[in-house]
Amino acid sequence: MKFLPIHKTLKDGRIVLIRAVEIADATKIIEFVHGFVYDSEFVPLVEGEFNPTLPEEELILKNYVDRSNSLFLVAEFEGQIIANINLDGNQRQIMRHTAVFGMGMHLEWQNCGLGTIILQSAIDWARNHSELELLFLQVYAENEAGIALYKKLGFVENGRMPNMFKQNNRYHDEITMHLSLK
Ligand SMILES: CC(C)(COP(=O)(O)OP(=O)(O)OC[C@H]1O[C@@H](n2cnc3c(N)ncnc32)[C@H](O)[C@@H]1OP(=O)(O)O)[C@@H](O)C(=O)NCCC(=O)NCCS
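What counts, and at which threshold
- Residues numbered from 1 in each chain as written.
- Predicted model: local features only at pLDDT ≥ 70, side-chain atom pairs only at ≥ 80, totals over all residues.
- Heavy atoms only, no water.
- Salt bridge = Lys/Arg side-chain N within 4 Å of Asp/Glu carboxyl O.
- Buried < 20%, exposed > 50% of the residue type's maximum accessible area, 1.4 Å probe, protein only.
- Helix = DSSP H or I, 4+ residues; strand = E, 2+ residues; numbered from the N terminus.

Going by what an unreviewed UniProt entry lists, the chain is known as GCN5-related N-acetyltransferase and is assigned to Fluviicola taffensis.

Below, the structure is given as structure tokens:
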């Protein structure tokens, strides 16, 4: 099994299940992403842009299931998917030891420690069960909660791309951060 499911307790005492995604989750994942992606000011997607068909989403998930340097974890509460993290391992030979990741959750689950739990789970897997040596991410410079989380778990800033995002004629910088697993 790629990732052994684990139960974790949030700061408010609720217990969540962290497990690897399955291809059969595709419909649930589409619904889950629609539930937060347009509400968050720090996800660079506009209304209607996340629109995969079921077969397309199944293929995306299959790649995370099959690829040894990739992982897609979900957090579940009472059978509902409430958060995810996806480590997207590079498929080129000379960069197979690297993965970029993204994560997200519904608004009502933020600030309960869930981000810490699901990101730490993914880091532990990458360190102990994969060929990954370098994780990195791109984040809105204004995303204080995200940057605080990443720094807490050891990520360091390594770059800033000015004006990377343009929304409603406002520009936002992007910060790049990395974690060396070696
Ligand atoms: C960013 C996100 C992943 C963080 O997850 P989370 O579950 O809310 O984070 P946690 O509750 O584990 O908190 C992480 C730490 O950041 C701290 N923190 C939260 N908001 C903060 C803020 N505005 N400024 C500074 N620190 C902050 C918390 O206190 C916590 O530290 P602590 O455990 O030492 O108290 C989550 O809010 C999210 O999915 N947001 C929407 C989508 C998004 O921004 N995705 C990331 C794209 S790169």
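This is not the end of the story, as more comes after the structure.
Any chance you could explain the pattern of salt bridges here in plain terms?
If the charged atoms of two oppositely charged side chains come close together, the side chains can form a pair. All chains considered together, the criterion is met by 10 salt bridges. In this structure, Asp25 engages Arg19 in a salt bridge whose closest nitrogen and oxygen atoms are separated by 2.8 Å. The same class applies to Asp25 and to Arg19, which are both buried. Residue Glu76 pairs with Lys28 through a salt bridge whose shortest N-O separation is 3.5 Å. Here Lys28 lies in helix 1 (residues 26–34) and Glu76 lies in strand 3 (residues 71–77), a separation of 48 residues in the sequence. Taking relative accessible area as the criterion, Glu76 reaches 10% and is therefore assigned buried. In the salt-bridge network here, residues are joined through shared partners; they are Arg19, Asp25, Lys28 and Glu76.

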